[in-house]
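A structural walkthrough
The residues making up each chain are set out below.
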Amino acid sequence: MKTKILAVSLILAGTAVFAQKKEVKSAEKAINKENYAEAKSLLESVEGSISSQKDNSKEDFYIAKGLPYMGSKPEKQSVEDLNVAGESFKMAKELGSDDAEVNLNKVRNALINAAIADQNAQNFSKAAEKLYTSYNLNKKDTVYLYYAASNATSGKDYSKALEYYNTLQELNYSGEGVEYYATNKESGEQEKFANKEQRDVFMKTGTYKDPKDEKLPSKKAEITKNIALIYLQQGDTEKGLKAIDKAIATNPEDTDLLLAQADIYYQSGDKKKYTEIVEKVLEKDPNNAALYYNLGVTAMQMEAAEKSIEYYKKAIEIDPKMANAYVNLASSMLMKEKTIIDEMNGLGMSNADNKRYDELTKERSELYENAVPYLEKAVDLEPNNEQAIQTLINIHSQLGNDDKVAKYKAMQG
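Cut-off values and rules
- Residues numbered from 1 in each chain as written.
- Predicted model: local features only at pLDDT ≥ 70, side-chain atom pairs only at ≥ 80, totals over all residues.
- Heavy atoms only, no water.
- Core = buried A, V, L, I, M, F, W, Y, C linked by side-chain atoms within 4.5 Å.
- Buried < 20%, exposed > 50% of the residue type's maximum accessible area, 1.4 Å probe, protein only.
- Contact = heavy atoms within 4.5 Å.
- Phe/Tyr/Trp six-rings, centres within 6.5 Å; stacked < 30°, edge-to-face > 60°.
- Lys NZ or Arg CZ within 6 Å of the ring centre and 35° of its normal.
- Helix = DSSP H or I, 4+ residues; strand = E, 2+ residues; numbered from the N terminus.
- Expected span 1.5 Å × (residues − 1).

The next thing to look at is the nonpolar core. Ranked by size, the top nonpolar core spans 53 residues in total, and within it Val278 and Ile395 carry the most contacts. Once residues within four sequence positions are removed from consideration, valine 278 is found in contact with Leu259, Ala262, Leu291 and Leu295. Counting 23 residues, the second largest nonpolar core, distinct from the first, contains Ala128, Leu131, Tyr165 and Ile230.

Below is the structure:
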């Protein structure tokens, strides 16, 4: 009796394998005719028994399953279908299929290209979803997780962005590296290569020239900053500052992290703390004109005119071509005007008041005349700087310099 039961069991198992192979073959024929709905239906009918089959049968099944979800034009498929296709090809690859890698790359390329199109159309959340799906299909390519996080942030999908950035931190992702470029002689366009070896091969063909290496800086500070800013966006300033403090404790000399920390304080409204941190960074990087300029802006916002003038002058000393620093320097000087006008408007008609009025009028004119050279320098550097031109028109109108008013009005077109 036991022998008969065993025999029947073997016959039934053999029948199941035969049925499965038959359905897979039928599905393959449907795929060749692009009857994808039929292929999916055939494969779904035998998917429940796939786990009990031999590896070579499983390979055939997963390849067949992936093809109708990928379709003949992968770029037209939904992200859900491409994910099914990619996971199927990934399974087939793990089982040893030689065809799976090519198809898996087709799926990932379709996702990446579609994500680029979404990003260009400012559909950032859709781009993030596709990039994250591509990353999941090959977790060695962490750069796509980084791009997914960036797009999720741009799309204001902060919960997803935070999830992705935290994963990048857990993976110790830095993004550091080198990109390899060379110029195509025929098109004149600079092209990027996968690695130095690939570029070397193309250079030997004589069709490329001017090889160039571009170093990619670490993105760790940016990632930490974005995590902190997202917490801030969510109203959790404490978590944001803890996130960046933890990173700085590990890398106390990293000026990028310190600047990220300063930015968090700036975003939270603590301008004083922002200034303290940036001044510390300037001790390490004393020739950074942009930092002095930013301190000038902060000082203006804090209504510290003298301090902002000091910062802007330092920025100009380092970078004499920084047009906006000249404009803002003049604006800082003119901040005193309000105090003068308020006092003038509060004066009466006595001889003492009239005398004080004349003194303030002279003081106001001197203020204007001191600001003019900086505004003129800004216009010299940027002839279309509307803010500088308009301020010069206003000042010369007050000083009665009609020829200068006409000159600068002519520059406005």
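Here the focus is the packing of aromatic side chains. This structure, assessed with the given rule, holds 11 aromatic pairs. Against the face of tyrosine 146 rests lysine 219, its NZ or CZ located 5.5 Å from the ring centre.

Let us look at unusual backbone geometry. With phi around 60°, lysine 156 is a residue other than glycine that occupies positive phi space. Turning to its location among the elements, lysine 156 is positioned in the loop between helix 7 (143–154) and helix 8 (158–170). Of note in the backbone geometry, aspartate 210 takes a positive phi value of approximately 50° without being a glycine. By secondary structure assignment, the location of aspartate 210 is in strand 3 (residues 208–216).

Quick look at helix 7 now. Taking 1.5 Å of rise per residue, the 12 residues of helix 7 would be expected to cover 16 Å, and the 17 Å separating its terminal C-alpha atoms lies within 8% of that figure. Considering only its buried residues, helix 7 is in contact with helix 5 (100–120), helix 6 (124–137), helix 8 and helix 10 (220–233). Residue lysine 156 follows helix 7 closely and has a positive phi angle near 60°.

By themselves, these observations are geometric and do not establish any function.
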